[in-house]
Protein chains: 2
Amino acid sequence: MCHRIDVSTRAAIEVIDITDPLDARVDDFRDLNSVDRRPDLPALPGGRVGKALVIAEGVLVAQRMIASRFAPHAFFGVDRRLAELSDDVVEQPGGVPFYRASAEVMAEVIGFHLNRGVLAAARRPEALSVSEVIESARTIAVLEGVNDHENIGSIFRNAAGLEVDAVIFGAGCADPLYRRCVRVSMGHALLVPFAKSDNWPGDLELLRENGFRTIALTPGEGSVPLRDAVTGPSDPSSDPSCSSSDSSCSSSDSSCSSSDVERKLAFLVGAEGPGLKEHTMRSCDVRAHIPMSRGTDSLNVATAAAVAFYEALSR
Amino acid sequence: MCHRIDVSTRAAIEVIDITDPLDARVDDFRDLNSVDRRPDLPALPGGRVGKALVIAEGVLVAQRMIASRFAPHAFFGVDRRLAELSDDVVEQPGGVPFYRASAEVMAEVIGFHLNRGVLAAARRPEALSVSEVIESARTIAVLEGVNDHENIGSIFRNAAGLEVDAVIFGAGCADPLYRRCVRVSMGHALLVPFAKSDNWPGDLELLRENGFRTIALTPGEGSVPLRDAVTGPSDPSSDPSCSSSDSSCSSSDSSCSSSDVERKLAFLVGAEGPGLKEHTMRSCDVRAHIPMSRGTDSLNVATAAAVAFYEALSR
């Protein structure tokens, strides 16, 4: 077989100099700190739809955006960052404009001085469904009420670092594609598949049907040590995720093997302070705590999640 | 025995209203964001000594300061926070002034608007020595080159949450008593004992003499999985921390028992990016990595430390 490479779709980066801060060509990067005008808002006050862009900051995160399903359609940066990014951008299909400006013009457009010197913008592709992101996943994180962008970003970073395959957003979570979240995640919010649950907490049943043991992380009463929850009973008769009436639980389903190593795990975490809702925890297979942590403010939610991810990875 | 409680040293809080932002009585809270004038600077440019104060922000952190060895000598806050703090302050010996002001006057004094509405200031007590903080410690964290205040704060928070008894600062670390560090630590920087090493990395030998297994966290080659490092060989003949020539390693020394549970552990972490120095790692008993983490930016240094603390706690 002979694959013809169409070099015309691999055009080099197109450099366009911007000297006027009001130039409409950089509107996708304008007023990034504005609460109601920033271009990465999916929805605007009054029900209007925002530009719904995703903004990557800095060379590393822009490179990860290029490698993700969020294909950047434009860059905005200083000359030095153009040089650092150009090798990556050349590999993109189609001509992608790099709007080049001084640091001062950039600051006027975006509304603050950006140390990282370069931004990339992508349109949000169609959202993935819960079923899609869990299909081949072994370990997943499930968030409820986590409304802090930095915590969500850290959870993505920890997920990428500790082999977590997907993140599910239950009710009350902040937008994982907000710029600050993408930055704190080091770009991993663009690489780790995620989905928003449209049926919460009903989707927990979907997870169980797909062989996941659902583990609610909580310091509260009635919880078992995390390690016990991860390596806990795999006997189908005692494990609700492996009931014999469960069609997903055939003998060939590795999630129902007696091996801890093969079990599929879903870790649920709630916001610092309120934690998971009682109703949500009741829908889970088991409640688990991190041993000996003192009080509810003892660990950040992303750190608690990392410990759970590590435990799953180390079984 | 009869203990006489001197009620005169338990004076109630003394409320002093501040209406002039230039009032010298609140100088201990002035220009908190200033690089070279902030009152919590231990040293000033040119070798001059700063005020060397410690500043706690918010009710929770101020309460923890009150409970710590850093006794606050003054508070500065809005009326609402005075009410929230007064129960704690009354328990302090001596009369402690609470400088009460409007949010606007506070903002003028400290240089920014403080959402948390209250500050506490303490003078730095005499520093603890490495020997003092490790004396009864079982698990400790040892930092090298960690120069980010938020990371240090997070490490203190994780240490408190996961039963780590002390933190040792090797070369190149930032000031753990800087306001931002204390805030991110949720006040635990004031509660978890710490010491700065004056003999780095020579003090690693002191740790080993005191029965600690020194574990260098590194993703690099030649490292064993973290769990193996924690539960690794306890046979004195194969464990350098338990050599027979080590006077601290008597048969009554629990660190040399065959039980993993009783072993004393010191986890060394370096800054994100550069990590620990090769020379430092060579002085450690073992190098350990967190399994499967991808690349050097995969986990934040405080998160990596938390995973190690958890592993120590769960053995």
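Please read all numbers here as calculations on a predicted model, not as lab measurements.

Points about the sheet that holds strand S1 (residues 14-17) of chain B
In any sheet, the strands associate via hydrogen bonds between backbone groups, in a parallel or an antiparallel arrangement. Residue and element names in this part refer to chain B. In space, the five strands of this open sheet follow the order S1-S4-S3-S5-S2, with mixed pairing throughout. Looking at which strands have only one partner, the edges of the open sheet turn out to be S1 and strand S2 (53-57). Each adjacent strand pair in this sheet contributes to an overall mean axis angle of 20°, direction not counted. Where S1 lies against strand S4 (residues 97-100), four bridges are found, and the strand directions are parallel.

Observations regarding the nonpolar core
Judged by nonpolar contacts, the single largest core of 120 residues is most densely connected at Leu226(A) and Leu226(B). Not counting residues up to four positions away in its chain, the partners in contact with Leu226(B) are Tyr310(A), Leu217(B), Phe267(B), Ala288(B), His289(B), Ile290(B), Val307(B), Ala308(B) and Glu311(B).

What to know about the relation of the copies chain A and chain B
Expressed as a screw operation, the relation of chain A to chain B combines 0.0 Å of axial shift with a rotation of 180°, fitting to an RMSD of 0.0 Å. The symmetry that links the two subunits is that of a two-fold axis. Counting the interface residues of chain A, we find that 100% of their copies in chain B are interface residues as well, pointing to one common contact surface.

Observations concerning the sheet that holds strand S2 (residues 53-57) of chain A
Residue and element names in this part refer to chain A. Strand order in the open sheet formed by five strands is S1-S4-S3-S5-S2, with mixed pairing between adjacent strands. The sheet is open, and its two edges are formed by strand S1 (14-17) and S2, each paired on a single side. With direction set aside, neighbouring strand axes in the sheet form an average angle of 20°. Of the strand pairs in this sheet, strand S3 (residues 72-77) and strand S5 (residues 118-123) are connected by five bridges, and their pairing is antiparallel.

Things to note about the packing of helix H10 (residues 301-313) of chain A against helix H10 (residues 301-314) of chain B
Taken N-terminus to C-terminus, the directions of H10(A) and H10(B) make an angle of 55°; their axes are 9 Å apart at the nearest point. By the criterion of interaxial angle, the relationship of H10(A) to H10(B) is oblique. Of the two possible hands of crossing, H10(A) and H10(B) adopt the one that is right-handed. Across the interface between the two elements, Thr303(A), Ala306(A), Val307(A), Tyr310(A) and Glu311(A) from H10(A) touch Thr303(B), Ala306(B), Val307(B), Tyr310(B) and Glu311(B) from H10(B). A breakdown of the residues in the contact of H10(A) with H10(B) according to their chemical character gives six nonpolar, two polar and two charged.

What counts and what doesn't
- Every chain is numbered on its own, with residues counted from 1 as its sequence reads.
- Starting at A for chains and at 1 for ligands, labels are handed out in the order in which the entities are written.
- In keeping with the predicted nature of the model, local features appear solely for residues at pLDDT of at least 70, side-chain atom pairs appear and are counted solely at 80 or more, and the whole-chain, interface and lining totals rest on all residues.
- As a rule here, side-chain values come from all non-hydrogen atoms in the structure, and water together with hydrogens is ignored.
- Strand pairing requires that DSSP identify at least two bridges connecting the strands.
- Put simply, DSSP marks the helices as runs of H or I at least four residues long and the strands as runs of E at least two long, and each gets a number from the N terminus on.
- Under this scheme, a helix contributes an axis fitted over its contacting stretch, all axes are lines through C-alpha atoms, and angles between N-to-C directions fall in the 0 to 180 degree range.
- Residues grouped as a nonpolar core are buried Ala, Val, Leu, Ile, Met, Phe, Trp, Tyr and Cys residues, joined through side-chain atoms within 4.5 Å.
- Burial classification: accessible surface area is computed with a 1.4 Å probe over protein chains only, and a residue below 20% of its type maximum counts as buried, one above 50% as exposed, and the rest as partly exposed.
- Contacts are assigned to residue pairs with any non-hydrogen atoms lying within 4.5 Å of each other.
- A least-squares fit on C-alpha atoms brings the copies together, and the residues used are those whose pLDDT is at least 70 in both copies.
- For classification purposes, an angle smaller than 35 degrees is called roughly parallel, one larger than 145 roughly antiparallel, one from 65 to 115 roughly perpendicular, and anything else oblique.
- By definition, any crossing whose near helix is turned counterclockwise from its far helix by less than a right angle is left-handed, and any crossing with a clockwise turn is right-handed.
- Each residue gets one label: Ala, Val, Leu, Ile, Met, Phe, Trp, Tyr, Cys and Pro are nonpolar, Asp, Glu, Lys and Arg are charged, and the others, such as Gly, are polar.

Shape is all these values report; function is a separate question.
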